[in-house]
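# Reading the structure
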Amino acid sequence: MRKIAPSQGPFLPYGRQLIEEDDIAAVTEVLRGDWLTTGPAVAAFEQALCEATGARHTVACANGTAALHLAALALDLDPGDRVIVPSVTFLATANAVRLVGGEVVFADCDADSGLMEVPQLTEALERAAATPGGPVKAVFPVHLTGQCADLPALAALAGEHGLTLVDDAAHAIGSRYRAADGSAKPIGDGRLSAMTTFSFHPVKTIAMGEGGAVTTNDDGLARRLGLLRSHGMVREAAEMQNGDLAFDADGSVNPWYYEMPEIGLNYRVTDIQCALGLSQMKKLARFTAQRRRLADRYDRQLADLAPLVRPIARSAASEAAWHIYPLLIDFAGAGTSRAQVMARLKAAGIGSQVHYIPVHLQPYYRQRYGNLDLPGARAYYERTLSLPLFAGMEESDVDRAVAALAQALGPAAGQG
Ligand SMILES: Cc1ncc(COP(=O)(O)O)c(C=O)c1O
């Protein structure tokens, strides 16, 4: 096999932000201005996300977890209503359901892509029907790694069962899904889902420090999300219920006055964060292209390590803006363990991470729902390891990571 010396360079984390001088200037400008929060940078960032996704509305918020929580709140679930969530995701996707009093039905995933596809959604629906509990009201597909499952097929199945579809696109800003007519459409365009949630944590393609958003084409949902983001407060005359308190003698709303028709949160995001997000959004195409270039190089360089090491399965229904670069590794076949490989990679200056421990295995969920066996999630989890991927990497960094992996796996991977 081709050998490349794992030359020691700066430590490569599995993911990190790429902040440039114009990003810093954009943030500085806000810091010198009048608005640190609820100002024009928030609206401008929301507008940029509408343009990038094609959605009618964007509600920016504190982080991706808040986005999921807001979306779950806006569904108006009754206590005990059930929501199908793939188990291979970050905790927050499932937790959003529990935080609003719903119950999670964990779906399995395709063992080679980690995605919940139609067979896994079908199985989860059948399992829910065979288990006592509240009605299944919604499904939260996850665009894991930046790849999306077959969204039109999932949406059709959700529609047949009367489920609201909310997709978690924390990994997938800039990704495109294959629409039924074969065209590629931006994730978050609101055509097939009621709401799409995003995260702008520093390891994501677009970094805001902390940041999130919900996109939707539904005017009512957008308004509701906006209210829930800010304490449930309203200020418009038409909304006022306390006629005795709201109005001045001339019939206008008192200038200090606000009302809270329903309870909400402070999930706002600052103008400081949005200035960074807006500056980063201008680079979305460049960052996405660089991530694709790096992922393609990984694919080519890793071919030498097959069959012990394989890239995850590619979804034909997706044009991914890769957020992470996970592999499937036969650790037992290499005569080693994942922990050992991670330690050796770290010693060689290469960060790695596992995305994800299936959420149904978390103690909280085991206590609540017992021991589920989801064989696809188990097979994916046992083999997965993510190597460094971020827009600031060079192709030579990919070569370094692959060489370090080959060494970490030992002779079975062709390194004798
Ligand atoms: C799939 C998924 N959903 C939701 C979140 C939550 O996003 P945040 O970290 O911005 O709260 C993450 C974060 O890593 C994620 O990976």
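Everything numeric here is computed off the predicted structure, so don't read it as measured data. (Residues numbered from 1 in each chain as written. Predicted model: local features only at pLDDT ≥ 70, side-chain atom pairs only at ≥ 80, totals over all residues. Heavy atoms only, no water.)

### Some details on the confidence of the model for the chain
- Averaged over every residue, the pLDDT of the chain is 96; the share at 70 or more is 97%.
- Contacts from residues 1-5, a stretch scored under 50 in pLDDT, to residues over four places away or in other chains number 13 contacts. (pLDDT = per-residue confidence, 0-100. Contact = heavy atoms within 4.5 Å.)

### Some remarks on the state of the cysteines
- Considering all chains together, one arrives at 0 disulfides under this definition.
- Counting only cysteine sulfurs, Cys274 is the nearest neighbor of Cys61, a cysteine outside any disulfide, at a range of 9.6 Å.
- Cysteine Cys109 remains unbridged, with the sulfur of Cys148 as its closest cysteine sulfur at 16 Å. (Disulfide = S-S within 2.5 Å.)

### A word on the site of the ligand
- Taken together, 14 residues form the shell around the ligand, and within it Gly64, Thr65, Asp168, His171 and Ser199 come nearest.
- Separating an oxygen atom of the ligand from a backbone N or O atom of Gly64 is a distance of 2.7 Å.
- His171 has a polar side-chain atom sitting 2.8 Å from an oxygen atom of the ligand.
- Judged by its atoms lying within 2 Å of the grid points, the ligand is housed in the largest pocket.
- The set of elements that each furnish at least two residues to the shell around the ligand consists of α3 (64-74) and α4 (91-99). (Near = heavy atom within 4 Å. Polar contact = N/O pair within 3.5 Å; in protein donor to acceptor, adjacent residues only side chain to side chain. 1 Å grid on protein atoms, 1.4 Å probe; cavity = no way out; pocket = protein on both sides within 12 Å on 5 of 7 lines; lining within 4 Å. Sits in = over half its atoms within 2 Å of the grid points. Helix = DSSP H or I, 4+ residues; strand = E, 2+ residues; numbered from the N terminus.)

### Section: the pairing of strand β1 (residues 57-61)
- Summarising burial for β1: 4 of the 5 residues are buried, a large majority.
- In terms of strand pairing, β1 meets strand β9 (residues 212-216) through 5 bridges, oriented antiparallel. Opposite Val59, over in β9, you have Val214 as the bridge partner. (Buried < 20%, exposed > 50% of the residue type's maximum accessible area, 1.4 Å probe, protein only. Pairing = 2+ DSSP bridges.)

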